[in-house]
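For reference, the chains in residue letters:
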Amino acid sequence: MPDDPEPSFEADLADLDRTLKDLEDGTTTLDAALARYEQGVQLLRRCYARLRAAEQKIQQLTGLDESGRPILAPFAHASAVGSNETEPPRKRKTSS
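The model shown is predicted, which means the values in this text are computed figures rather than measured ones.

Describing the pattern of salt bridges
Next, step 1: Counting across every chain of the model gives seven salt bridges.
Next, step 2: Note that Arg-46 is salt-bridged to Asp-12, the shortest N-O span being 2.7 Å. With a gap of 34 residues between them, Arg-46 in helix α2 (residues 30-57) and Asp-12 in helix α1 (residues 9-25) connect regions that are remote in the sequence.
Next, step 3: Close ionic contact of Asp-65 with Arg-69 constitutes a salt bridge, the shortest N to O distance being 3.2 Å.

Considering the side chain of Thr-19
Next, step 1: Examined against the element boundaries, Thr-19 turns out to sit in helix α1.
Next, step 2: Those residues in contact with Thr-19 that sit more than four places away from it in its chain are Arg-36, Gly-40 and Leu-43.

Rules and cut-offs
Residues numbered from 1 in each chain as written. Predicted model: local features only at pLDDT ≥ 70, side-chain atom pairs only at ≥ 80, totals over all residues. Heavy atoms only, no water. Salt bridge = Lys/Arg side-chain N within 4 Å of Asp/Glu carboxyl O. Helix = DSSP H or I, 4+ residues; strand = E, 2+ residues; numbered from the N terminus. Contact = heavy atoms within 4.5 Å.

Honestly, it's all geometry; don't read function into it.
Structure follows, in structure tokens:
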């Protein structure tokens, strides 16, 4: 039904966990395992999209204005996955 509300993040995460357990137990047929895998990928994408949206809503306090009200700025999103920006480059040893 198109009017059904979308499941919550927690419900999707629980369903993803059940999908993973179903795939790990090895009792499903190949066709059923492929179908569950596809469902799992869809759930994973939906969970990641919700996490990204939540991160973008987070704001950080940057100070107070003249009236004493908090000044908020969007949280600067930076992925830590696959990034070595915080680690200085290493020098290569040369053979002498």
